[in-house]
Amino acid sequence: MPDIETNSVSPGGQYSLLIAAREMRMSHWLEMPKLVSTHDQQTIFDLWDSWWSLDDITWDTAATCSLTLRRYPGDHTPSYVIVHVDCEDLHFSIGAGQRMEIRQLKDALEQHYQHIKSR
C-alpha cells in the first residue's frame, strides 16, 4: 500500500487533495492524486491507480483548482498537462480544451497522452 497524505485543502476547507506516493524505481516517485469532499468524503476523482503524478495544485476559487500532472515515465512533450477541475459541477478541462464530466478524467488523460506521444 502506498503512503497516503493530504497535499492541499481548498480555501474554506470543502475539498482535500490526497496523495498516494509510490516509488516506481530508485528515486522515481509517483504522487498520484485523489480529490475528495471533506464534508462527506465523497470522491471527486481518483488517479491512485494511474500513471499520473501531481506536480502542483493551485486553488483558483473555493471549488475550482488547476492541477499540473505528469505521466510516468515522462516520455512526452510537453512533459506536463494542466487540468482545470470544477468540484461543484463535477467537470474538468485539459488545458483550454472542452469541458467534460469528471467521470471521464482518466480516459481523457490517457487519450491526451497518446495524442501528444504520437506527434
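Heads up: these notes are all about the structure in this document. (Residues numbered from 1 in each chain as written. Predicted model: local features only at pLDDT ≥ 70, side-chain atom pairs only at ≥ 80, totals over all residues. Heavy atoms only, no water.)

1. Some details on the sheet that holds strand E9 (residues 100-101)
Taken in spatial order, the 5 strands make up an open sheet running E5-E6-E7-E8-E9, and their pairing is antiparallel. For this open sheet the edge positions go to strand E5 (52-59) and E9, each flanked by a neighbour on one side alone. As defined by bridge partners, strand E7 (residues 81-86) adjoins strand E8 (residues 91-94) across 4 bridges and the pair is classed as antiparallel. Directly across from Val-85, in E8, lies its bridge partner Phe-92. The strands touched by helix H1 (residues 105-117) are E5, strand E6 (64-71), E7, E8 and E9; relative to E8, the strand with the most contacts, the crossing angle is about 5°. (Pairing = 2+ DSSP bridges. Helix = DSSP H or I, 4+ residues; strand = E, 2+ residues; numbered from the N terminus. Contact = heavy atoms within 4.5 Å. Axes fitted to C-alpha atoms, helices over the stretch in contact; angles between N-to-C directions.)

2. Quick look at the pairing of E8
Linking two consecutive strands that pair antiparallel, namely E7 and E8, is a turn of 4 residues; a positive phi of about 55° is found at Leu-90 within it. A loop of 5 residues connects E8 with E9, the two strands running antiparallel in sequence, and Gly-95 in this loop sits at a positive phi of about 60°.

3. Digging into the side chain of Ser-53
Here Ser-53 is to be found in strand E5. A distance of 2.9 Å separates a polar side-chain atom of Ser-53 from the backbone nitrogen of Glu-31. When sequence neighbours within four positions are dropped, the list of residues in contact with Ser-53 reads Trp-29, Leu-30, Glu-31, Thr-68, Leu-69 and Arg-70. (Polar contact = N/O pair within 3.5 Å; in protein donor to acceptor, adjacent residues only side chain to side chain.)

4. A word on the packing of aromatic side chains
Throughout the structure, instances matching the rule amount to 2 aromatic pairs. Arranged with centres 6.0 Å apart and planes meeting at 15°, the rings of Trp-51 and Tyr-72 form a pair that is stacked. Note that Trp-51 is positioned in the loop between strand E4 (43-46) and E5 and Tyr-72 in the loop between E6 and E7, a separation of 21 residues in sequence. Here the aromatic rings of Trp-52 and Tyr-113 are separated by 6.4 Å at their centres, their planes lie at 85°, and the arrangement is edge-to-face. Taken as a pair, Trp-52 in strand E5 and Tyr-113 in helix H1 lie far apart in primary sequence, 61 residues in all. No difference in accessibility class separates Trp-52 from Tyr-113, as the two residues are buried. For Arg-22, the ring lying beneath its charged end belongs to Trp-51, and the centroid distance is 5.9 Å. The ring centre of Trp-48 lies 4.6 Å from the NZ or CZ of Lys-34, which sits over that ring. (Phe/Tyr/Trp six-rings, centres within 6.5 Å; stacked < 30°, edge-to-face > 60°. Buried < 20%, exposed > 50% of the residue type's maximum accessible area, 1.4 Å probe, protein only. Lys NZ or Arg CZ within 6 Å of the ring centre and 35° of its normal.)

5. Considerations on the environment of His-39
Mapped onto the fold, His-39 is located in the loop between strand E3 (28-37) and E4. Taking the C-alpha atoms as reference points, His-39 and Gln-14, separated by 25 residues in sequence, lie 6.5 Å from one another.

6. Examining the environment of Tyr-113
On the accessibility criterion, Tyr-113 (4% relative accessible area) is buried. Between the C-alpha atoms of Tyr-113 and Asp-75, which are 38 residues apart in sequence, the distance is 9.7 Å. Setting aside anything within four residues of it in sequence, one finds Tyr-113 in contact with Trp-52, Arg-71, Pro-73, Asp-75 and His-76.

7. Comments concerning the sheet that holds E3
Sheet architecture is open: 4 strands sit in the order E1-E2-E3-E4, paired in antiparallel fashion. Across the chains shown, the open sheet's two edge strands, defined by having one partner strand only, are strand E1 (3-9) and E4. Averaged over all adjacent pairs, the angle separating strand axes in this sheet is 25°, with direction ignored. By the bridge criterion, 6 bridges tie E1 to strand E2 (residues 15-25) in an arrangement that is antiparallel. Along E2, the bridge assignment pairs Ile-4 with Ala-20.

Purely geometric numbers; function is a separate question.
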